[in-house]
Amino acid sequence: MQAASTCSREPWNKGKLVGQKTPFRLKEIWAIRVRLELQARVRDLALFNLGIDSKLRACDLVQLRVRDDSNGERAAARAKVMQQKTGQPVQFELTGPTRLAVEAWIAAAHLKAGDFLFPSRIHESPHIGTRQYARIVDSWVEEIGLDSSAYGTHSMRRTKPSLIYRRTKNLRAVQLLLGHSKLESTVRYLGIEVEDALELAEHTDA
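What counts and what doesn't
Residues numbered from 1 in each chain as written. Predicted model: local features only at pLDDT ≥ 70, side-chain atom pairs only at ≥ 80, totals over all residues. Heavy atoms only, no water. Salt bridge = Lys/Arg side-chain N within 4 Å of Asp/Glu carboxyl O. Helix = DSSP H or I, 4+ residues; strand = E, 2+ residues; numbered from the N terminus. Buried < 20%, exposed > 50% of the residue type's maximum accessible area, 1.4 Å probe, protein only. Expected span 1.5 Å × (residues − 1). Contact = heavy atoms within 4.5 Å. Patch = residues over 30% accessible without salt bridge, like charges linked within 9 Å, V, L, I, M, F, W, Y side chains within 5 Å. Areas by Shrake-Rupley, 256 points an atom, 1.4 Å probe, with all protein chains shown as cover. Core = buried A, V, L, I, M, F, W, Y, C linked by side-chain atoms within 4.5 Å. Phe/Tyr/Trp six-rings, centres within 6.5 Å; stacked < 30°, edge-to-face > 60°. Lys NZ or Arg CZ within 6 Å of the ring centre and 35° of its normal.

(A) Layout of the pattern of salt bridges. One pass over the structure, following the stated rule, counts seven salt bridges. Where E143 meets R41, a salt bridge forms, and the shortest distance between an N and an O atom there is 2.9 Å. With E143 in helix α6 (residues 130–143) and R41 in the loop between α1 (26–38) and α2 (42–54), this residue pair connects regions lying 102 residues apart in the sequence. For E143, a relative accessible area of 29% corresponds to the partly exposed category. By relative accessible area, which is 22% here, R41 ends up partly exposed. One salt bridge connects D44 with R43, and the closest N-O pair in it is separated by 3.0 Å.

(B) Broad picture of unusual backbone geometry. Located in the positive-phi region is A40, a residue other than glycine, with phi close to 55°. Along the chain, the position of A40 falls in the loop between α1 and α2. Its relative accessible area of 58% is what places A40 among the exposed residues. You will see that K169, though not glycine, has its phi angle at about 60°, which is positive. Turning to its location among the elements, K169 is positioned in the loop between α7 (153–168) and α8 (171–178). Residue K169 is classed as partly exposed on the basis of its relative accessible area of 39%.

(C) Spatial organisation of α6. The terminal C-alpha atoms of α6 lie 20 Å apart, and with 14 residues this matches the ideal 20 Å at 1.5 Å per residue to within 8%. Among all positions in α6, only T130, Q132, Y133, I136, V137, W140 and V141 are buried. Check the buried side of α6 and you find it contacts α1, α2, α3 (58–61) and α7.

(D) Highlighting a nonpolar patch on the surface. Together, L26, W30, V34 and L38 line one region of the surface with nonpolar side chains, adding up to about 420 Å² of accessible area. Checked against the element boundaries, L38 lands in helix α1.

(E) Representation of the nonpolar core within the structure. In this structure, L117, Y133 and W140 are the most contacted members of the largest nonpolar core, which totals 38 residues. Elements that contribute at least two residues to this core include exactly α1, α2, α3, β3 (78–82), β4 (89–93), α5 (96–109), α6 and α7. At six residues, α2 tops the list of elements feeding residues into this core. Residues contacting L117, with those up to four places away along its chain left out, are L50, L64, R65, V66, D69, V102, W105, I106 and L111. By size, the runner-up hydrophobic cluster in this structure holds five residues, among which are Y165, L178, Y189 and L190.

(F) Spotlight on the packing of aromatic side chains. Scanning the model with the defined rule gives three aromatic pairs in all. With 6.5 Å between their ring centres and 65° between their planes, F24 and F48 make a pair best called edge-to-face. Taken together, the residues span a long stretch of sequence, with F24 in the segment before α1 and F48 in helix α2 at a distance of 24 residues. Residue F24 is classed as buried on the basis of its relative accessible area of 3%. F48 gets classed as buried once you look at its relative accessible area, which sits at 0%. An aromatic cluster of three or more residues is present, and its members are F24, F48, W140 and Y151. Above the ring of F116, the side-chain terminus of R65 is found at 3.9 Å from the ring centroid.

Structure (structure tokens):
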């Protein structure tokens with residue numbers, strides 16, 4: 001039950017001026033993905049792809065069970081989980097590469113439907129914790145030459161919504177994908193005003 005309270009406890013950065021973690025760009029996503037594929041890091045590839053696709057908070061991602069996004073050994077195209085922080089369900093899609101990565105990991109780890117998708121190697125914990133997940137993300141970032149202080153597990157959650165917003169400008173769609181109850185939360189979360197201003201500046205010649 002201790003892990004279940006991860007999302008509801010007081011944030012470590014409450015009352016502190018801390019910038020939002022940077023979402024990954026497409027070239028960075030592929031840099032990490034290709035490295036994991038070439039090195040045959042099956043678990044990390046499944047964790048990375050699912051983290052990007054699911055847009056889940058770290059506390060929800062690490063507690064996924066095999067049955068949450070798979071039917072037997074086959075990964076589902078869509079999944080629905082209950083968010084710990086809000087108590088509301090959220091749906092997400094699994095793209096083709098993510099399904100293949102998840103299926104490969106389930107087979108390699110000999111996981112059953114009721115097992116945690118990412119079990120911990122530490123006996124005291126049934127699944128990887130949010131801190132371990134954060135360390136794994138830091139290692140991915142550093143391996144492709146980025147500053148790990150600018151990225152984190154929230155970069156994983158922010159990446160796909162940021163890409164979708166930039167392509168479509170559809171705030172309502174992003175709100176639904178993130179499971180936000182208020183549109184204002186999505187606006188703040190994406191930092192839309194800042195992003196739009198920077199984008200306009202990039203395309204304006206002085």
